[in-house]
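# Observations on chain architecture
Letter by letter, the chains look like this.
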Amino acid sequence: MATMHSQLDGRAPALDRRPARAMSWPALHIDRWRETYRTLHLYAQIVGKIKLAQTPKTNQWWNVPFYVSTRGLRTGPVPQPGLVGERTFEMAFDFIRHELEISDCDGRVRTLALVPALPVSDFYRELNRILVGLGIEVAIRQTACGIPMTMPFSRDSEHHTYLPDDAAAFFQVLRRVASVLETFRSRFRGKCSPVQFFWGQFDLVVTRFNGWRIPSPPGPRVLRDRYDEESISFGFWPGDAWGSSDQRALDAVFYSHTVPEPAGLTKYPVDVGGAYFDEKRREFLLPYERVRTSADPAHMILQFAEGTYDAGASLAGWNRGELAYP
């Protein structure tokens, strides 16, 4: 209405001089949404651990992640305890209505409202109450993984911030990035992961493989099983909400890493929007802020993905011609 009024009374409307595409990619600075990020990360871990407990282990933990939907993040169908092959249920975060939807194969639907002051402990108890009401009982390990948290979910009243605008902005980024990653994925003929959201690290990623097995790295089983083949991963991470000492990676970034890291990778030129090789993380990083304020964010993401893939695949001796899908 303000724009219409200014046109009717002869005054020129104020102009937003940011690039048009950048206006549709929300800002995502950690210092502005850290508390919502932390709370949402813990909600996601609870839902993710329920899925983990009920799905058969697959290669590279592909049974674990969520998938981006038109409204948020969903688990996909999960076998109901004791009724594998008979019954399934699904859980889905809706960042438009701001609720967790729980549905089953009989068409029953229950919702858990995501409200501004919902402690993790209350989320955990209410979700379990809903599941039991649907005849679903799942025991999970109540401690978070991949983050410095030892408090059991059922006792965590510290994390209770859920601001709908913050969650909605995060989703608006995820849905855009997921679409770009699907395009990148479509250009590869070899084994390639789906576009997956891993709730442990809270990142959206797609991984290409060349079919060659490698010795599993030392460390936790999750890393041994995830990195037992030569691969190049490309993804989006909303930043470090839990206190990293690496300030350059504090805010949201796109990343790319090659496993195993070939000689010369650190010096390979990837001249896209200020991208650089991070010596500590051993991966290429591209700040999200550089992307969202560019004239064409999707094009810059694809340039970064293709450039870092070229770097890793060329130096590691992949048969790029055979693996390309025209």
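So, a few notes on the structure that sits alongside this text.

Conventions and cut-offs
Residues numbered from 1 in each chain as written. Predicted model: local features only at pLDDT ≥ 70, side-chain atom pairs only at ≥ 80, totals over all residues. Heavy atoms only, no water. Buried < 20%, exposed > 50% of the residue type's maximum accessible area, 1.4 Å probe, protein only. Helix = DSSP H or I, 4+ residues; strand = E, 2+ residues; numbered from the N terminus. Pairing = 2+ DSSP bridges. Phe/Tyr/Trp six-rings, centres within 6.5 Å; stacked < 30°, edge-to-face > 60°. Polar contact = N/O pair within 3.5 Å; in protein donor to acceptor, adjacent residues only side chain to side chain. Expected span 1.5 Å × (residues − 1).

This part takes up the pairing of strand β10 (residues 253-259). Of all seven residues that make up β10, seven are buried, and the element is covered over most of its length. Side chains of β10 alternate between two faces, with V253, Y255, H257 and V259 and F254, S256 and T258 buried alike. In terms of strand pairing, strand β9 (residues 229-237) meets β10 through seven bridges, oriented antiparallel. Within β10, the residue paired with W237 across the bridge is V253. Here β10 pairs with strand β12 (residues 283-287) via four bridges, running antiparallel. Among the inter-strand pairings, Y255 is bridged to a residue of β12, identified as L285.

Turning our attention to the pairing of strand β6 (residues 109-113). Taken together, the five bridges between strand β5 (residues 99-104) and β6 define a ladder with antiparallel strand orientation. Among the inter-strand pairings, E101 is bridged to a residue of β6, identified as T111. Counting the residues in the hairpin turn of β5 and β6 gives four residues, including G107, whose phi is positive at 90°.

Here the focus is the packing of aromatic side chains. Throughout the structure, instances matching the rule amount to 24 aromatic pairs. Summarising the aromatic geometry, the rings of F93 and F123 are spaced 6.4 Å apart at their centres and angled 5° between planes, so their arrangement reads as stacked. Here F123 lies in helix α3 (residues 120-133) and F93 lies in strand β4 (residues 88-94), a separation of 30 residues in the sequence. Take F93 and F123: they sit in the same class, and that class is buried. Aromatic side chains F184 and F234 sit 5.8 Å apart centroid to centroid with 55° between the ring planes, which places their arrangement in the tilted category. In this pair, F184 sits in helix α4 (residues 164-185) while F234 sits in strand β9, placing the two residues 50 residues apart along the sequence.

Within the fold, N210 resides in strand β8 (residues 203-213). Remark: the alpha-carbon pair of N210 and E230, spanning 20 residues in sequence, is separated by 6.3 Å. A distance of 2.9 Å separates a polar side-chain atom of N210 from the backbone nitrogen of W212. Within the structure, N210 has its side chain in polar contact with the side chain of E230 (distance 3.0 Å).

Right, let's get into helix α7 (residues 297-316). The terminal C-alpha atoms of α7, which comprises 20 residues, lie 28 Å apart, in line with the 28 Å expected from a rise of 1.5 Å per residue. Restricting attention to buried positions, one finds in α7 the residues P297, M300, I301, L302, F304, A305, G307, T308, Y309, A311, G312 and A313. Among the residues trailing α7, G317 stands out with phi positive, at a value near 75°.

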